[in-house]
Amino acid sequence: ETYFMNKIEHIGIAVKNIEAANAVYEKLLGYEHYKTETVEGEGVTTSFFKCGESKIELLEATREDSPIAKFIEKKGEGIHHIAFAVDDIHAEKERLKEEGFVVLNEEPKRGADNKWVVFLHPKSSHGVLVELCQEIN
């Protein structure tokens, strides 16, 4: 059995003000975002734009201790993560652990956009936070 990354599901971009960022990305892409969603567990509000088969996810912190708030404090606004769509998040997580990647959450968490998510430590992938995501059925 073979497992692989199906596609870049989305690119996550950390922003200070989601409304201001929505306006910029609407100008950039030429169309409006299609949904906004708050993920309480992560302390984040998200806004999604479709871009071909992939998406752009804007992320604004809803509280000061959230991962996005800490990221912006340390690095400023910008690309936060790249998410890959997978068919079997558990199998893919195990495959990547065997390949030497450091998994940040052993159990998939419920993320935005009706997805299960697992994150890989950026030190494993040249400074890029990698998200695996699988549709919740």
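Residues numbered from 1 in each chain as written. Predicted model: local features only at pLDDT ≥ 70, side-chain atom pairs only at ≥ 80, totals over all residues. Heavy atoms only, no water.

K.L.:
Whenever I open this one, the pairing of strand E8 (residues 129–135) confuses me. Can you help?
P.N.:
Regular strands place their side chains on alternate faces of the sheet. Judged by how many residues are buried, E8 sits mostly within the fold: six of seven residues are covered. As paired elements, strand E5 (residues 78–85) and E8 share five bridges and run parallel to each other. Directly across from Ala 85, in E8, lies its bridge partner Cys 133. Across six bridges, the pairing between strand E7 (residues 115–120) and E8 is antiparallel. Bridge pairing links Lys 115 to Glu 135 in E8. (Buried < 20%, exposed > 50% of the residue type's maximum accessible area, 1.4 Å probe, protein only. Helix = DSSP H or I, 4+ residues; strand = E, 2+ residues; numbered from the N terminus. Pairing = 2+ DSSP bridges.)

K.L.:
Before we go on, may I ask you to explain helix H2 (residues 67–75) in this structure?
P.N.:
An α-helical segment advances 3.6 residues per turn. Residues three or four places apart therefore align on the same side. Looking only at H2, the buried set comprises Ile 68, Ala 69, Phe 71 and Ile 72. Looking straight down H2, one finds its buried side chains confined to an arc of 160°; they lie on one side. Residues of H2 that are exposed and angled more than 90 degrees away from the buried face: Lys 70, Glu 73 and Lys 74. Looking at the buried residues of H2, the elements they touch are strand E1 (7–14), strand E3 (44–51), strand E4 (54–61) and E5. Two residues or fewer past H2, Gly 76 is found with a positive phi of approximately 85°. (Arc of directions from axis to C-beta. Contact = heavy atoms within 4.5 Å.)

K.L.:
What exactly am I supposed to notice about the pattern of salt bridges here?
P.N.:
Should the charged atoms of two oppositely charged side chains come close, the side chains can pair. Tallying each qualifying case throughout the model produces 14 salt bridges. Lys 109 is paired through a salt bridge with Glu 42; the nearest N and O atoms lie 3.0 Å apart. Within this pair, whereas Lys 109 is found in strand E6 (residues 109–110), its partner Glu 42 is found in the loop between strand E2 (35–39) and E3, the two being separated by 67 residues in sequence. Lys 115 is paired through a salt bridge with Asp 113; the nearest N and O atoms lie 3.4 Å apart. Here the two residues Lys 115 and Asp 113 agree in accessibility, since each one is buried. When salt bridges with common partners are traced through the structure, they connect Glu 9, Lys 35, Glu 37, Lys 55, Asp 113, Lys 115 and Glu 135 into a single cluster. (Salt bridge = Lys/Arg side-chain N within 4 Å of Asp/Glu carboxyl O.)

K.L.:
Would you mind going over helix H1 (residues 18–29) with me for this structure?
P.N.:
The end-to-end C-alpha distance of H1, which contains 12 residues, comes to 16 Å, matching closely the 16 Å that a straight helix rising 1.5 Å per residue would cover. Regarding H1, the residues found buried are Ile 18, Ala 21, Asn 22 and Tyr 25. Here the buried residues of H1 occupy an arc of 105° about the axis, which is enough to place them on one side. Summarising the geometry of H1, the exposed residues directed more than 90 degrees from the buried face are Glu 19 and Lys 27. Tucked inside the fold, the buried residues of H1 contact E1, E3 and E4. Measuring from the side-chain oxygen of the N-cap residue of H1 to the backbone nitrogen of Glu 19 gives 3.0 Å; that N-cap residue is Asn 17. (Expected span 1.5 Å × (residues − 1). Polar contact = N/O pair within 3.5 Å; in protein donor to acceptor, adjacent residues only side chain to side chain.)

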